[in-house]
Amino acid sequence: MGINREKLQGMTAVLEREIGKGTLAGGGVLVFHRGEEQFSAFRGFASRESGAPMARDTICRMYSMSKPLTSAAAMVLYERGDLDLMAPVEAFLPGFKNQKVAVGGRLEPVPSLRPCLVKDLLDMTAGLTYPGTQTVAEWHMDKLFRQVKSEQDAGKGPSTLEMANRIGEQPLEFAPGQGWKYSTCADVLGAVIEVASGQRFGEFLKEQILDPLGMLDTGFSVPEEKRSCIAQVYELTPQGLIPHSGCHLCVGPVEGTGFESGGAGLFSTIQDYGRFARMLTLGGAFEGKQILSRKTWEFMRSPALNDTQLACFDHWLTLEGFSYGNLMRVCLFPGQSYMPSTPGEFGWDGWLGVHFLADPAEELSFVFTMQRANCGTIEITRKLRAVLYSALD
């Protein structure tokens, strides 16, 4: 089994069409098969205003593609015996004691089924939410994030631990384990990692994952000398793409803040993230370094949701045919999906459209970078994946 590089050229055409339509300022793709780079394409601009092209060293805001790296950091502690996944989160973060759940507009004590566990953070089954306006729990989280943003603007933002404890004090959408909801779980997990490791989350991540993989341009801040490499974020309006400068999820400025968001805060390049994707594709090892043991790697890429939880995840329309576990999608039934895949393929995306997959069965890794607000996995991503899988012989 091989890969047809000529067919992969179709990805260039997909990028050029979207840029020509004005829906994309610039994008880049990297494809690896059996650990070796087979294709790359970079089209358009990292910044149309400055004329900087999209390139391998363009620094992008990863947003939710931070989550798999947070999961990998937790797996390091897990396989060492330093982190019990059944441990209650309140053992690390006192803000998770005596939690309340929103029931019909009222706040009631969490039923005595069990407390929130570390495993709930990895699987998004903790009952937490992101900020929003649709439910009581979302409204409370929205109020918290607005308050934190005001504190950050005043130079008094919370640390990772302080933020996680305040998240734990907000009402839950449901009792832990009784559903699934995309939420602040990865941010809380970053704080758990701090307590379990005795290091700042960013330091632990750098020492255990980023440095061993050679991900030298990945972190929660960007040094002064590399800030010219940061891609501009754009917003698609009826009048076309315009620069977007708003804050999202209290992610700090390029110089970093006390809050290191395990769910949204990392900067990286396509080159760096390709190293992480290859490690996840190749059994937890990369260039002779065993980042994760084989059994830990197998656990990390396994679907985790039971039928009740999966019924909640099924509401994520673009991920039909997938389950979820350890802060990533995991393909179960490719025929139910809107994009080509393989059983066991896993990965995630980000708010600005960045996307990656690791497909161990096909020994295939793929990373796509773009920077457009409110995207996630969209039409261009599905088209790129269609070309990618068509090139497998």
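The rules behind these values
Residues numbered from 1 in each chain as written. Predicted model: local features only at pLDDT ≥ 70, side-chain atom pairs only at ≥ 80, totals over all residues. Heavy atoms only, no water. Helix = DSSP H or I, 4+ residues; strand = E, 2+ residues; numbered from the N terminus. Rg over C-alpha atoms; globule rule 2.2 N^0.38 Å. Buried < 20%, exposed > 50% of the residue type's maximum accessible area, 1.4 Å probe, protein only. Core = buried A, V, L, I, M, F, W, Y, C linked by side-chain atoms within 4.5 Å. Pairing = 2+ DSSP bridges. Contact = heavy atoms within 4.5 Å. Axes fitted to C-alpha atoms, helices over the stretch in contact; angles between N-to-C directions. Phe/Tyr/Trp six-rings, centres within 6.5 Å; stacked < 30°, edge-to-face > 60°. Lys NZ or Arg CZ within 6 Å of the ring centre and 35° of its normal. Salt bridge = Lys/Arg side-chain N within 4 Å of Asp/Glu carboxyl O.

Draft legend 1. Broad picture of the overall build of the chain. Counting its regular elements, the chain contains 12 helices and 16 strands. The C-alpha radius of gyration computed for the chain amounts to 20 Å, which stays within 12% of the reference 21 Å derived for 393 residues, consistent with globular compactness. Along the first, second and third principal axes, the C-alpha set of the chain runs to 60 × 45 × 40 Å. Across the 393 residues that make up the chain, the buried fraction comes to 57%.

Draft legend 2. Spotlight on the nonpolar core. In this structure, Leu 121, Phe 276 and Phe 356 are the most contacted members of the largest nonpolar core, which totals 96 residues. One finds Ile 3, Phe 368, Leu 384 and Val 387 within the second-largest nonpolar core, a separate group that totals 24 residues.

Draft legend 3. Spotlight on the sheet that holds strand E14 (residues 346–349). The antiparallel open sheet is built from 8 strands, whose spatial order is E3-E2-E1-E16-E15-E14-E13-E12. The sheet is open, and its two edges are formed by strand E3 (52–53) and strand E12 (322–325), each paired on a single side. Judged from the 2 bridges that link them, strand E13 (residues 328–331) and E14 form a sheet pairing that is antiparallel. Across the sheet, the residue bridging to Arg 329 is Gly 347, located in E14. Sheet contacts for helix H2 (residues 10–21): strand E1 (26–33), strand E2 (36–47) and strand E16 (364–369); angle to E2, the most-contacted strand, approximately 10 degrees.

Draft legend 4. Quick peek at the packing of aromatic side chains. Across all of its chains, the model carries 17 aromatic pairs by this definition. Considering the side-chain rings of Phe 313 and Trp 316, the 6.3 Å spacing of their centres and the 45 degrees angle between planes classify their relative orientation as tilted. Its relative accessible area of 0% is what places Phe 313 among the buried residues. The class of Trp 316 is partly exposed, set by a relative accessible area of 25%. An aromatic cluster is defined as three or more aromatic residues linked by ring pairs; in this entry it consists of Tyr 130, Trp 180, Tyr 182, Phe 313, Trp 316, Tyr 324 and Trp 348. The positively charged end of Arg 48 is found above the aromatic ring belonging to Tyr 234, 5.4 Å away from the centroid.

Draft legend 5. Representation of the pattern of salt bridges in the model. Scanning all chains against the criterion turns up 22 salt bridges. Across the pair Asp 211 and Lys 206 runs a salt bridge, and its minimum N-O distance is 2.9 Å. For Lys 206, a relative accessible area of 44% gives the class partly exposed. Each member of the salt-bridge network shares a partner with another, and the members are Glu 18, Lys 21, Glu 379 and Lys 383.

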